[in-house]
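# Results of the structural survey
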Amino acid sequence: MPFQWNPEQPPFSFRLTDQSSRDVIGTWERDSVADEDTHQQYHYRDPASQLSVCVHLRKYADFPAWEWMLELTNQGSDDSPVISDLLALDLTIPADDASEPILHHAKGSSCQIDDFVPRADKLPSGGEIEIKPLGGRSSNGVLPFMNLQTRTGGYAVGIGWSGQWLARFKRSDDSLSISVGMEHLDTYLRPGETIRSPRILLIEWEGEDADAGTNLLRRILLAHYSQKNPDGSLATPPTAHPRQLLYYFTGHVSEEDHLAAIDRAKEIGLEAFWVDALWYGEGEQWWEEVGNWTINKKRFPRGLKPIADKAHANGMKFILWFEPERVRPKTPLAQEHPEYLLKHPHNEDNLLLDLGNPEARQWMTDTISGVIGEVGVDIYRQDFNFEPIEYWLAADEPGRRGMTEIRHIEGLYAMWDELRRRHPGLVIDNCASGGRRIDLETTSRSFPLWRSDYTDAGAANEGFRCEIGAQCQTAGLSRWIPLHTASVWRIEPYSVRSSVSTGLVFYPDIRPDDYPVDDAHRAIAEMARLRPFFLGDHHLLLPLTAAEHDWCAYQFHRPDLDAGIALFFRRHGSPFPTMECALKQIDPTVQYEVTTASAWRRPVPQLVPGLELIELSVTLSDQPSSQLLEYRKV
């Protein structure tokens, strides 16, 4: 049965002391307000306790999708009853007795070779699946996007909560239930106090292929949840170069080095120049200085503006890193404003800036905004390198479990929104130890230029396992979100194609005299052709694993262009020279203009029957090697 919003039995729930809202909300006062055709607000109010619930609901006109978020307010003069088990999504749907639904989801980021690899779990009768992140960062270990597949279609779900969420899927003999909420909430509200729930995106899809649901999700994210430029165009991740790896390996960076690197970045044709965690404080170790947001004058005696100015003069954007939420105990922020900081009950090494404290948030917003304006930052990069959940729980008042987390997450969104308001056109890069805070809310305000720390400095010792990790990231994360970027270590077709998506980070030093500039030009030219297709529909052509002996293959298709690309990788441990698969969304009755290339050079297109692309055989003689297939319907 198609999903419909029923105001009398809304698809959310919570407990009010010892009662479920499902049992009592039908007796509450109710009204609704339509902001416009697709936006509505439903208001519920308990006449006894004066607790009100405002549902902000959006029904998309261009997609079979609904989005909503709850605000609970105590409108009375006394403390509210205890609120717990707040489920922003609490939905039960009929289940076919003979079917066995499948929950498609994914590993999140964990700095491991299999980051973002898909997971699929069957739900037999009586079965239950529980999914939650680790430590309070929304995609740490698991991804907050999932797709429940039934026999005739299903529901894709996006969760907008950048803290500790919890999702449960249960199957009985005749029904399926889906619930999503905060893991830790058991609180009361003081008079006039309001809290919000996670944001829910629910997408209904039909068919037998789960890709129908995940591709609807990708399309909705591009249309309604992605950063836009001032002219309304899509803000896409750039090709960029940071000097961070040089800093890791040598411990030395300087203004002169950065200015010279910009010359090489221009020669290569990069779109952005990037200053990461090396520009602030006074000490040598970047992680010891978080909380000291003054420019390191030993490295940059004239500040960062000359570097940003030169990047701009050469047609590049300027990216600058911050980690505002982590504060080391001996830094100026910790010494001057201890009242802004939260402590871990068993770890004194790191303090957490309390973004739920309005004064603390204002201080940090002003600090970051001042640097953005003074230097000329185009892409603000925010990192978050530790787990906040124990700080939040330790700071909760008795009887107010979950309140610190709620205020911190609300504060994070408020800070990002204020930075974008103050600096029109500012783009936000969301790092968080590499891809550990990706969710519906952060996706609507940012994209990850560094989707996993697996391909950071440690990859220098990983050999071709680094490329396997990059393939898992590209193929796995792209199943759910379209905009992201990773590093590439070797400027050769196999490596670049393993990492490339809507952007690319040229990570190792680009300044040496023997740097392969010509190959970098070829890589960027190929990426320019491919980039529009990474915004299309995504399909895995083989099961995605991190095994060295497996092939990897995936496809991006643009239905509006009747064209697409497919990438095939024979990994370094694969004994199999040939693999067979079928491209998706291909018309077997027509011809396609097709090119296939293992090297950079693009051959002359050939006319190929569509049936041949559906019954495709790919042979690669070398280990490792890749093949890029580009096709367009004639």
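Above this note sits the structure.
This section reports on the structure supplied with the text. (Residues numbered from 1 in each chain as written. Predicted model: local features only at pLDDT ≥ 70, side-chain atom pairs only at ≥ 80, totals over all residues. Heavy atoms only, no water.)

## Some thoughts on the nonpolar core
Among the nonpolar cores identified, the biggest contains 142 residues, and Val55, Trp68, Trp279 and Tyr380 are the most heavily contacted of them. It is helix α9 (residues 403-422) that contributes the most residues to this core, eight residues altogether. Leave out the neighbours within four places in its chain, and tyrosine 380 touches Leu320, Phe322, Pro324, Ile368, Ile372, Met415, Trp416, Leu419, Leu426, Val427, Ile428 and Asp429. Core analysis: the second largest hydrophobic core is formed by 22 residues, Phe116, Leu221, Leu477 and Trp480 among them. (Core = buried A, V, L, I, M, F, W, Y, C linked by side-chain atoms within 4.5 Å. Buried < 20%, exposed > 50% of the residue type's maximum accessible area, 1.4 Å probe, protein only. Helix = DSSP H or I, 4+ residues; strand = E, 2+ residues; numbered from the N terminus. Contact = heavy atoms within 4.5 Å.)

## Brief notes about the packing of helix α4 (residues 255-268) against helix α14 (residues 517-530)
Running from N to C, α4 and α14 cross one another at 55°; their axes reach a closest spacing of 9 Å. Of the possible angle classes, the one that applies to α4 and α14 is oblique. Residues Arg264, Glu267 and Ile268 of α4 form the contact with α14, whose own contacting residues are Val517, Ala520, His521 and Ile524. Here the residues of the contact of α4 with α14 are counted per class, giving four nonpolar, one polar and two charged. (Axes fitted to C-alpha atoms, helices over the stretch in contact; angles between N-to-C directions. Parallel < 35°, antiparallel > 145°, perpendicular 65-115°, else oblique. Nonpolar A, V, L, I, M, F, W, Y, C, P; charged D, E, K, R; others polar.)

## A word on the sheet that holds strand β18 (residues 239-242)
Read across the sheet, seven strands follow the order β25-β24-β20-β19-β18-β27-β26 without closing on themselves; strand pairing throughout is parallel. Each having just a single partner strand, β25 (427-430) and β26 (487-488) make up the two edges of the open sheet. Taken together, the three bridges between β18 and strand β19 (residues 272-275) define a ladder with parallel strand orientation. When the sheet's bridge partners are listed, alanine 240 is paired in β19 with alanine 272. Contacts from helix α5 (residues 305-313) reach β19 and β20 (317-322), with the element oriented near 145° to β20. Taken strand by strand, helix α7 (residues 358-376) contacts β20 and β24 (379-382), and its axis lies near 155° from that of β20. (Pairing = 2+ DSSP bridges.)

## Details of α4
Along its 14 residues, α4 runs 20 Å from first to last C-alpha, staying within 8% of the 20 Å computed at 1.5 Å per residue. Regarding α4, the residues found buried are Glu255, Asp257, His258, Leu259, Ala261, Ile262, Arg264, Ala265 and Ile268. Against the buried residues of α4 lie α3 (244-250), β19, α5 and α14. (Expected span 1.5 Å × (residues − 1).)

## Some words on unusual backbone geometry
With an omega of -10°, the peptide bond running from glutamine 623 to proline 624 counts as cis. When you line up the elements, proline 624 lands in the loop between β34 (616-619) and β35 (625-633). Phi is positive for threonine 17, which is not a glycine, with a value near 60°. Here threonine 17 lies in the loop between β1 (13-16) and β2 (19-20). Positive phi outside glycine occurs at cysteine 111, with the angle close to 60°. Along the chain, cysteine 111 turns up in the loop between β8 (102-106) and β9 (118-122). A relative accessible area of 34% places cysteine 111 in the partly exposed class.

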